[in-house]
Each structure stands twice: as C-alpha cells, then as structure tokens.
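# Descriptive structure summary
Each chain, written out:
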Amino acid sequence: MNGSNGENGTFTSEPWVNFEKAAYALERNHDVCIQLARITGNRWAYIAGSIVDRIPSQPPRRIRLNEHYGLVVYCGEKFSLGEDELLRLFRKIFPDESDDA
C-alpha cells in the first residue's frame with residue numbers, strides 16, 4: 001500500500017521515510033531517541049521512531065511540528081541540539097498544514 005494513510009498504520013510515503021532517515025542520523029551522532037507522534041487534542045500517539053531501550057537521564061521533550069504531528073525527544077546528557085534546530089529540520093519534512101484551502 002502506498003501513501004501516508006495513518007488509518008491502517010502503514011506509512012510508506014516520502015515524509016515517513018525522510019523522518020526515519022533524519023531521526024536515525026541524529027540518533028547515531030548524538031545521545032538521543034526521537035519519535036514521531038500524531039497529535040489529537042491533548043493525546044500524543046506514537047507513530048514511528050526508535051523505541052526507548054534504556055531509562056532516559058531527562059524527561060522527554062515534546063516539540064509540536066504542526067497541528068497533527070510532533071516529536072517526542074528523549075535526550076541523554078550529551079545531546080546538544082536545541083529545539084529550534086530540531087524544528088527547522090523536521091518541519092521541512094512535515095510542514096505546517098493549512099485547512100484554509
């Protein structure tokens with residue numbers, strides 16, 4: 001199945017592949033775990049990304065990308081990228097969506 005229809009849990013479109021590439025590159029080079037979440041009201045539901053396999057040294061950070069998607073970032077003590085840098089990188093993959101059209 002092709003497309004990013006979240007209804008069935010299958011994500012094969014370009015944004016999902018680009019998310020995984022960017023997240024895994026950051027994880028390899030920094031002490032971090034990055035997950036993509038779907039935002040519905042106050043609920044942030046896991047969609048993609050690495051599973052946290054150890055207890056993080058800090059509480060996770062939530063970074064809203066747009067109305068529907070956000071990042072959950074589990075940082076180790078050595079992680080040095082700021083929220084602005086993460087937003088800049090991942091908003092290219094998941095731009096703000098406008099319902100005005």
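Treat the numbers as computed from the prediction; the structure is a model and nothing was measured.

For a regular strand, side-chain orientation follows a simple rule: the groups alternate between the two sheet faces. Taking burial as the measure, the nine residues of strand β1 (residues 32–40) include seven buried ones, the bulk of the element. Where β1 and strand β2 (residues 43–49) come together, six bridges link them in antiparallel fashion. Within β2, the residue paired with Gln-35 across the bridge is Gly-49. Counted between consecutive antiparallel strands, the loop separating β1 from β2 contains two residues, among which Gly-41 sits at a positive phi close to 65°.

Moving on, we come to helix α2 (residues 83–93). Residues Leu-86, Leu-87, Phe-90 and Ile-93 constitute the buried set of α2. Buried residues in α2, looked at end-on, bunch into an arc of 115°, giving them a common side. α2 presents Asp-84, Arg-88 and Lys-92 as exposed residues on the side facing more than 90 degrees away from its buried surface. Where α2 is buried, its residues touch α1 (14–29), β1, β3 (61–64) and β4 (69–75).

Glancing now at the sheet that holds β1. The strand order β2-β1-β4-β3 describes an open sheet built from four strands, whose pairing is antiparallel. On the outer flanks of this sheet lie β2 and β3, each paired with one strand and no other. Adjacent strand axes in the sheet meet at a mean angle of 35°, parallel and antiparallel pairs treated alike. As paired elements, β1 and β4 share seven bridges and run antiparallel to each other. Each residue of the ladder has a partner; that of Ala-37, found in β4, is Gly-70. Across the face of the sheet, α1 comes into contact with β1, β2 and β4 while running at roughly 145° to β1. Where α2 meets the sheet, its contacts fall on β1, β3 and β4, and the angle it forms with β3 comes to roughly 45°.

Definitions and limits used
Residues numbered from 1 in each chain as written. Predicted model: local features only at pLDDT ≥ 70, side-chain atom pairs only at ≥ 80, totals over all residues. Heavy atoms only, no water. Buried < 20%, exposed > 50% of the residue type's maximum accessible area, 1.4 Å probe, protein only. Helix = DSSP H or I, 4+ residues; strand = E, 2+ residues; numbered from the N terminus. Pairing = 2+ DSSP bridges. Arc of directions from axis to C-beta. Contact = heavy atoms within 4.5 Å. Axes fitted to C-alpha atoms, helices over the stretch in contact; angles between N-to-C directions.

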